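# Structural description and commentary
The primary structure of each chain is shown beneath.
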Amino acid sequence: MSTFLSVAIAITLGSYGLASLLLLVRVLRGPTAQDRVLALDLLYGIGTLSALVLGIRYASHVYFEAALVIALLGFVSSSAMAKFLLRGR
């Protein structure tokens, strides 16, 4: 792997880590439930992207399959939370 790609992957994973920390703060301190659900949905997206970047880094198909599972679970949980919030309970 080239040095440029290694540096780009390190910067990308660092940026994802920082974004995850900021979103975690929003999940814990969000003023409304909608803010918390949106932050949690973005955390799923960052988890998916992180798994994809790690799959590129280690050249392993397992990470790509994990990214697919994370994306599916994120979609299902976001749909369930949206339905829960629309009912108002």
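Being a predicted model, the structure only gives us computed values, none of them experimental.

So, how was this worked out
Residues numbered from 1 in each chain as written. Predicted model: local features only at pLDDT ≥ 70, side-chain atom pairs only at ≥ 80, totals over all residues. Heavy atoms only, no water. Helix = DSSP H or I, 4+ residues; strand = E, 2+ residues; numbered from the N terminus. Rg over C-alpha atoms; globule rule 2.2 N^0.38 Å. Buried < 20%, exposed > 50% of the residue type's maximum accessible area, 1.4 Å probe, protein only. Contact = heavy atoms within 4.5 Å. Areas by Shrake-Rupley, 256 points an atom, 1.4 Å probe, with all protein chains shown as cover. Phe/Tyr/Trp six-rings, centres within 6.5 Å; stacked < 30°, edge-to-face > 60°. pLDDT = per-residue confidence, 0-100. Polar contact = N/O pair within 3.5 Å; in protein donor to acceptor, adjacent residues only side chain to side chain. Patch = residues over 30% accessible without salt bridge, like charges linked within 9 Å, V, L, I, M, F, W, Y side chains within 5 Å. Salt bridge = Lys/Arg side-chain N within 4 Å of Asp/Glu carboxyl O. Axes fitted to C-alpha atoms, helices over the stretch in contact; angles between N-to-C directions. Parallel < 35°, antiparallel > 145°, perpendicular 65-115°, else oblique. Nonpolar A, V, L, I, M, F, W, Y, C, P; charged D, E, K, R; others polar.

### Focus on the overall build of the chain
Across its full length, the chain holds three helices and zero strands. Taken from N to C terminus, the helices and strands of the chain fall in the order α-α-α. For a compact globule of 89 residues, the expected C-alpha radius of gyration is about 12 Å, and the chain comes in at 15 Å, more than 25% above that figure. Along the three orthogonal principal directions, the C-alpha set of the chain runs to about 50 × 25 × 10 Å. For the chain, the residues scored as buried account for 16% of the 89 residues in total. In the chain, of all internal contacts separated by at least 6 residues, the share reaching a separation of at least 24 is 45%. As displayed, the chain offers around 6400 Å² of accessible surface, 72% of which is attributable to carbon and sulfur atoms.

### So, the packing of aromatic side chains
Overall, the coordinates contain one aromatic pair when judged by the stated rule. When the ring of Tyr-58 is compared with that of Tyr-63, the centres are 5.9 Å apart and the planes differ by 25°; the resulting orientation is stacked.

### Things to note about the confidence of the model for the chain
Confidence in the prediction for the chain averages 92 pLDDT; 99% of positions are at 70 or higher. Within the chain, helix 1 (residues 3-29) carries the highest mean pLDDT (96), whereas helix 3 (residues 61-87) carries the lowest (91).

### Some remarks on the side chain of Ser-78
Structurally, Ser-78 can be placed in helix 3. Here the side chain of Ser-78 touches Asp-41 through a polar contact of 2.7 Å, side chain to side chain. Only 2.9 Å separates the side chain of Ser-78 from the backbone oxygen of Gly-74, close enough to count as a polar contact.

### A closer look at unusual backbone geometry
Apart from glycine, the bulk of residues carry a negative phi angle, and the bulk of peptide bonds sit in the trans form. Located in the positive-phi region is Ala-59, a residue other than glycine, with phi close to 50°. With respect to the helices and strands, the residue Ala-59 is situated in the loop between helix 2 (33-58) and helix 3. Overall, Ala-59 belongs to the exposed group, its relative accessible area being 68%.

### So, a nonpolar patch on the surface
Together, Met-1, Leu-5, Leu-49, Leu-52, Ile-56 and Phe-64 give the surface a local cluster of nonpolar side chains, amounting to about 510 Å² of exposed area. If one sorts the elements of the nonpolar patch by residue count, helix 2 sits on top with three residues. The residue Phe-64 is located in helix 3 in this model.

### Quick notes on the packing of helix 2 against helix 3
The interhelical angle for the contact between helix 2 and helix 3, taken along N-to-C directions, is 175°, at an axis separation of 8 Å. One element, helix 2, and the other, helix 3, form an angle in the roughly antiparallel class. Taken together, the residues of the contact of helix 2 with helix 3 break down into 15 nonpolar, seven polar and one charged.

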